[in-house]
Each structure stands twice: as structure tokens, then as C-alpha cells.
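# Secondary and tertiary structure notes
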Amino acid sequence: MSYDWIIDVLFWVAVVFLVAVYVSWRATRLDRLHVRVETARAALDAALVRRAAAALELAASRLLDPATSLVLATAAHEARTADAEGREFAESDLSRALRAVVDQPEFVGTITARGTGADGGEVLDELSSAAAKVAYARNFYNDAVSQARAARRKPLIRVLPLAGRAPLPDYFEIDDDPPAI
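Read on for an overview of the structure. (Residues numbered from 1 in each chain as written. Predicted model: local features only at pLDDT ≥ 70, side-chain atom pairs only at ≥ 80, totals over all residues. Heavy atoms only, no water.)

## Let's talk about the overall build of the protein
Across its full length, the protein holds 6 helices and 0 strands. Mapped in sequence order, the helices and strands of the protein form the string α-α-α-α-α-α. For the protein, whose C-alpha radius of gyration is 25 Å, the value lies well above the compact-globule estimate of 16 Å for 181 residues. In terms of principal-axis extent, the alpha carbons of the protein reach across some 100 × 30 × 20 Å. Taken over 181 residues, the protein has a buried fraction of 34%. Of the contacts formed within the protein by residues at least 6 apart in sequence, a portion of 77% connects residues at least 24 apart. (Helix = DSSP H or I, 4+ residues; strand = E, 2+ residues; numbered from the N terminus. Rg over C-alpha atoms; globule rule 2.2 N^0.38 Å. Buried < 20%, exposed > 50% of the residue type's maximum accessible area, 1.4 Å probe, protein only. Contact = heavy atoms within 4.5 Å.)

Given below as C-alpha cells:
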């Protein structure tokens, strides 16, 4: 009696099983990449809110002249209240406003001299830290988006609907050069 057909069936069952395992692994990887993008976006949003809050704190500290405080407060408020479409522009405007204010000659010395020293220094340290974290968070987010987009370009992902209904993530491009504090 010949059992060749049993070997053929077992072979094809093993092939189908291995293909199913591979497809499941790719789908899980894609899902993890999308979770990473969402987590990175939340961290980026938190960093942007923290930077805007630090800018508002500097504007409200009475360490700046009224016109400079108004410009900085307006840019920070616009960044915090911008809708999804205008967020990148508002955040870039805040970056430019921060550099225009902070990059003035003798700015740090003037601020620490006007305040009690520690108050002005603490505000500037918070602003410097928040601005640096925005740059890191944006780089991390854009890296996650790049990896998710690369994974979604794979033929298997495109042929099989492994991405589901998840939208293709977009990069977050802003002027995030921190001021020289």
C-alpha cells in the first residue's frame, strides 16, 4: 500500500501552516508599529504642550517687556489651541517666536538680573528642557512613522488587508530648532 498521498497532504498542511504563521507574524508586527506611532504621537503632543506651557510661563513671568510677552503668549496660545491642520504651522511659529525672544544678545543675563535670579533661571531651564524634548519627540515620532510606512509598502501587506482600517500615518514636520539658552 502506498502512503505517498499522506506525505503530500502533510507537506501541504505544513506549507499552509508556515504561511499562516508568517502572515500572522507580519500582521502582528504591523500592529505593533501602529501602536508605536500612536504612543510616539502622544509623547510628541505632551512635549509640545509642555513647551507651550513653559513659553506661557515665561510670558507671564513679568521678566519680559510687555510687547515681547504679548508676542510670546500669542504664539504659545495659538500652538495650544490649533486644530489638526494648523498645528504644524502654529508650532513652527512658536519655535520662531521663542528664538526671536531668547536669542537676543544678553537675554539670559537680563532675565536673571530682572528676576530674583532663581525664578528667571528656573523658567529658562524649564523652557530649554521643554524645547529640547520637542526635538527628540518629533524625531522619535517621525522615525516610527517611517518604519510603519516602510512596513505597509511590503507586497504582502498591500495584497492582504493586514493594515485593516488604520490610516497611513503622516510625518509631523515643524521648525523645532530650540532657542540658544
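So that's the structure; there's more coming.
## Notes on the environment of E85
The topology assignment puts E85 in the loop between α2 (66-81) and α3 (87-102). Take E85: its relative accessible area is 71%, and that puts it in the exposed class. Between the C-alpha atom of E85 and that of D177, which follows or precedes it by 92 residues, the distance is 21 Å.

## Observations concerning the nonpolar core
Counting residues in each nonpolar core, the largest one holds 23 residues, and the members touching the most others are A55, L58, L64, L72, L94, F107 and L127. Of all the elements in the fold, those that place two or more residues in this core are α1 (4-60), α2, α3, α4 (107-114) and α5 (118-152). Tallying contributions element by element places α3 first for this core, with 6 residues. Setting aside anything within four residues of it in sequence, one finds F107 in contact with L58, L64, V101, V102 and L124. Judged by nonpolar contacts, the second largest core, of 18 residues, contains L33, A148, A151 and I174. (Core = buried A, V, L, I, M, F, W, Y, C linked by side-chain atoms within 4.5 Å.)

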